[in-house]
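Topology and contacts: notes
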Number of protein chains: 6
Amino acid sequence: MSIAIYPGSFDPVTFGHLDVIKRSSTMFEEVVVGILSNNAKHPLFTVEERKDMLEKAVSDIPNVSVITFDGLLIDYMKAHDISVIVRGLRAITDFDYELQIAQSNRKVSCDTIDTVFLTTSIEYAYLSSSIVREYASYGTDVTDFVPKHVAQMLKNKFNN
Amino acid sequence: MSIAIYPGSFDPVTFGHLDVIKRSSTMFEEVVVGILSNNAKHPLFTVEERKDMLEKAVSDIPNVSVITFDGLLIDYMKAHDISVIVRGLRAITDFDYELQIAQSNRKVSCDTIDTVFLTTSIEYAYLSSSIVREYASYGTDVTDFVPKHVAQMLKNKFNN
Amino acid sequence: MSIAIYPGSFDPVTFGHLDVIKRSSTMFEEVVVGILSNNAKHPLFTVEERKDMLEKAVSDIPNVSVITFDGLLIDYMKAHDISVIVRGLRAITDFDYELQIAQSNRKVSCDTIDTVFLTTSIEYAYLSSSIVREYASYGTDVTDFVPKHVAQMLKNKFNN
Amino acid sequence: MSIAIYPGSFDPVTFGHLDVIKRSSTMFEEVVVGILSNNAKHPLFTVEERKDMLEKAVSDIPNVSVITFDGLLIDYMKAHDISVIVRGLRAITDFDYELQIAQSNRKVSCDTIDTVFLTTSIEYAYLSSSIVREYASYGTDVTDFVPKHVAQMLKNKFNN
Amino acid sequence: MSIAIYPGSFDPVTFGHLDVIKRSSTMFEEVVVGILSNNAKHPLFTVEERKDMLEKAVSDIPNVSVITFDGLLIDYMKAHDISVIVRGLRAITDFDYELQIAQSNRKVSCDTIDTVFLTTSIEYAYLSSSIVREYASYGTDVTDFVPKHVAQMLKNKFNN
Amino acid sequence: MSIAIYPGSFDPVTFGHLDVIKRSSTMFEEVVVGILSNNAKHPLFTVEERKDMLEKAVSDIPNVSVITFDGLLIDYMKAHDISVIVRGLRAITDFDYELQIAQSNRKVSCDTIDTVFLTTSIEYAYLSSSIVREYASYGTDVTDFVPKHVAQMLKNKFNN
């Protein structure tokens, strides 16, 4: 019945993201992980690399799929008949920004699109893709933060 | 498949609560509204009155039911095989407290119970049961905040 | 033209309150200090004592007067043709609560009543009436926090 | 007597800005809308375009004028004998930053310049110029967020 | 050289408190755990019971001692030549309140008393004495949250 | 015994930074001020200029030294056997970010590195290096915010 989308940059995907994906997959019939392919932000990984690492990471959860999208999230959702956005909440600063986006999405979609928030698991509350990128750039071991194949891809990227 | 519970005091139910109930009823197969019958807080309405006003208010949504519970929410949920809690988020102060409760519920339930948050609709963001009670106690019209039958019950309570 | 009301418990008035009163008196033609005479909160000072200490404290500002009120602030304001509420903001937790009250006041008054916020002066940002009461109850000198005549009234209250 | 300035980038002006302008025009004798002409931020609209769209939007409020300024706001205010800054508050993150600016402005001006905050109206609380720009860049209808003539200027800018 | 005090109600002590005590004992020469014996708050455990459970819990850390105090913390500190307060920070709401207390303590002590904050460890971030009391009152196992001897004392208190 | 590091950009050092340095020098045996020499952020002052201005500013505190570092702070700390990070907290937004960094530093260092927070003194709570840079760039007097020799270096930088 209800399909949910979990949008993000996933540059790279972390155990925090995977925790949200796993938990939402038990609540909704289908969960679509949506990678924003916006190149304006100069991501470390190409959108194809990010799609590959995510598909490998969620391959054991049957009702989760991975897509990439361009432009407005709500345009993609309308075109694919998805009505629920899933977001992870980590901090107070997140919260304010997320609230604003959630409200404007409801407004622009005339209340057809809604957002649900999951709280980030305690053990990943401090995690973010940018912290992982910074640690990896200095050769710090990041296997506590990301799946093994992602850690390897980071190693290759930074040649260390 | 997935049943969600929306717990609260509902003393009285407001349009803000009803907005969360309506929206979650489109996401989950079944939504149970759970009234905490704890009398320690000296509620204005008895648990029976609150159950009556809620049942009347949700009578047109087929997959929503109303129950009352005593004791720990997660004990009720385990006994009735419910795994998702729905909460509305209004403010930063809410957020901190709600986060703490959500995390401890996950811990105590060994990750079998999860919480999803919906943002309160913009037009009800300022609403709370206590503000409604205060306005009603001074005879201010509250039909912008609560259903008509609840406004009448408030009028009767305060004899005005 | 524009009259503003500065409501509060003032139990007792502090240099933080007086700073807000002084600053708003330069912005508005007339500032009314409104003491909530609600006894439910078991104030330390009676409403008469609080009125006396405030009148003494603002006696040198010509366009400031002190009143007491019962019931809803907006009912008092409508009856006396006042349309602006002044509030001091100290902290993030204040902010959320104040925002909620300000929004519901606008709603209930059909947009005829508005609220402006001043930020508490840096040197009084940590001050609150309850901290002053606690210090005074242990005989700590509070003349850095309140006018001399208020410090004396606290001394008398606590017999120290 | 008291003149207030409402500074901002207004890139473009939204219904949220206009709500603050309208409300402050009833509180102060004169309200000056001050457009920061700083080009370092690569605005979408030139300062002239922004002045035009604002003047059209406030043409029906007699005591509101529009100016542009360069450099420090408080230097402009001292030169033009303005002592009050008006700001709209939307979110907790805003609040912290705004508080910091307000305090340092008071310090640098030796307490001659003060800031008052209005809470953003509920129906515009989610609105920001950057969200409007993003929607408009994808051809989404933005007439719920900005005046018609601004929506047209956005359409022209993005050729859609 | 530097002695620090870690004040609180400890009703009961949790693993979160013990984590802060252990970490601060590596930073300061001596850490004094100060139990506020204020009975106004109707604690579950008497001040003697709380002292007993704490002493048992910290018996293996040589430079930590446990005391009880009445009245103002800073009066106790001055009398015992202690100049640093240690506090654990859990949440945004804590933060505001703690900041206010820390600033007023500096002011009243003429800058002779300072406060340092440690962040609560991730695994105990959701923990509070009141949540532990609530769980224990319903017979929920709390050995994940408090030392065994404290869990037993809770069991005895609630007869379950 | 315990050495603490106070890391930052110090571009330029302000009275707020110096207040934190002075206070932590009374708590720890040795305080190392660590200047991040990362040039990615396009600092106004070179790392050498920042080291010079800091050394001059702390020359009267015997147990404080100034160093510069590249790369991860925790790598520097491990190499030099430092286990405590000192940070000043100013605002709610700081707090969230700082908390995240503190938690990930503990994780990556296997709990060997801890962070303590001091609250910024009230009189410097509004201060930041970026505000000082902005004021100085317009020729505003900044001797209330930074030591005289730093004000002079800012004057030279901006040729005013």
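In this convention, every chain numbers its residues from 1, walking through the sequence in written order. All chains are assigned letters beginning with A, and all ligands numbers beginning with 1, in the order in which they are written. Restriction of local features to residues with pLDDT of at least 70 applies here, the model being predicted, together with a cutoff of 80 or more for giving and counting side-chain atom pairs; totals for whole chains, interfaces and linings are based on all residues. Side-chain metrics in this entry use all non-hydrogen atoms of the structure; hydrogen atoms and water are not considered.

Some remarks on the relation of the copies chain D and chain C
- Between chain D and chain C, the superposition needs a rotation of 180 degrees and an axial shift of 0.0 Å, giving an RMSD of 0.0 Å. On the angle and the small slide along the axis, the relation comes out as a two-fold axis. Taking the C-alpha atom as reference, chain D places phenylalanine 117 of chain D closest to the rotation axis, 2.4 Å from it.
- Taken as a fraction of all interface residues of chain D, those also at the interface in chain C reach 100%, which identifies the copy contact as same-surface. Copy-to-copy superposition: least squares on the C-alpha atoms, limited to residues that have pLDDT of at least 70 in both copies. Contacts are assigned to residue pairs that have any heavy atoms within 4.5 Å of one another.

A word on the packing of aromatic side chains
Residue and element names in this part refer to chain B.
- A pair of Phe, Tyr and Trp rings is counted when the ring centres sit within 6.5 Å of each other, with Trp represented by its six-membered ring. The angle between the planes then sorts it: under 30 degrees is stacked, over 60 is edge-to-face, the rest tilted. As enumerated under the stated definition, the model contains 27 aromatic pairs over all chains in all.
- On the basis of an interplanar angle of 65 degrees and a centroid distance of 5.5 Å, the ring pair of tyrosine 6 and phenylalanine 10 is categorised as edge-to-face.
- Given a relative accessible area of 6%, tyrosine 6 falls into the buried group.
- The rule is simple: take the accessible area with a 1.4 Å probe, protein chains only, and divide by the maximum for that residue type; under 20% is buried, over 50% is exposed, in between is partly exposed. Judged by its relative accessible area of 2%, phenylalanine 10 falls in the buried class.

A closer look at the relation of the copies chain A and chain B
- Turning chain A through 180 degrees and shifting it by 0.0 Å along the axis lays it on chain B, with an RMSD of 0.0 Å.
- Same-surface contact between copies: 100% of interface residues of chain A are shared with the interface of chain B.

Structural notes on the side chain of histidine 149 of chain B
All names here are of chain B.
- Its location among the elements puts histidine 149 in helix α6 (residues 148–158).
- Assessed through its relative accessible area of 18%, histidine 149 is described here as buried.
- When sequence neighbours within four positions are dropped, the list of residues in contact with histidine 149 reads Met53, Lys56 and Ala57. Going along the chain from the N terminus, every DSSP run of H or I of four or more residues is numbered as a helix, and every run of E of two or more is numbered as a strand.

Here's the deal with the pattern of salt bridges
Residue and element names in this part refer to chain E.
- We define a salt bridge as a contact between a side-chain nitrogen of Lys or Arg and a carboxyl oxygen of Asp or Glu at a distance within 4 Å. Applying the stated criterion across every chain, the model contains 42 salt bridges over all chains.
- The salt bridge involving aspartate 11 is made with arginine 133; its shortest N-O contact spans 3.6 Å. Of this pair, aspartate 11 sits in the loop between β1 (3–8) and α1 (15–25) while arginine 133 sits in helix α5 (residues 129–137), and the two are 122 residues apart along the sequence.
- For glutamate 55, the salt bridge is made with lysine 51, and the minimal N-O distance between the two is 3.3 Å. Of this pair, glutamate 55 and lysine 51 both sit in helix α2 (residues 47–57), four residues apart, which is roughly one turn of the helix.

Description of the confidence of the model for chain A
- Within chain A, residue pLDDT values average 89, and 94% of them lie at 70 or more.
- Scored as a complex, the prediction yields pTM 0.85 and ipTM 0.86. You can read pLDDT as the predictor saying how much it trusts each residue, on a scale of 0 to 100.

Focus: helix α6 (residues 148–158) of chain C
- Regarding α6 of chain C, the residues found buried are His149, Val150, Ala151 and Leu154 of chain C.
- With its phi angle positive at about 55 degrees, asparagine 159 of chain C sits one or two positions after the end of α6 of chain C.

Quick notes on the sheet that holds strand β4 (residues 84–89) of chain B
- Spatially, the ten strands line up as an open sheet ordered β3(A)-β2(A)-β1(A)-β4(A)-β5(A)-β5(B)-β4(B)-β1(B)-β2(B)-β3(B), and their pairing is mixed. The two strands at the open ends of the sheet, each matched to only one other strand, are β3 (64–69) of chain A together with β3 (64–69) of chain B. With direction set aside, neighbouring strand axes in the sheet form an average angle of 35 degrees.
- Pairing between strands requires that DSSP locate at least two bridges from one strand to the other. The sheet contact formed by strand β1 (residues 3–8) of chain B and strand β2 (residues 30–36) of chain B spans six bridges and is parallel. Bridge pairing links glycine 8 of chain B to isoleucine 35 of chain B in β2 of chain B.
- For helices, the fitted line uses only the C-alpha atoms of the stretch in contact; every axis is such a line through C-alpha atoms, and the angle between N-to-C directions lies from 0 to 180 degrees. On top of the sheet, helix α1 (residues 15–25) of chain A reaches β1 (3–8), β2 (30–36), β3, β4 (84–89) and β5 (114–119) of chain A together with β5 (114–119) of chain B; it is set at about 120 degrees to β5 of chain A, its chief contact.

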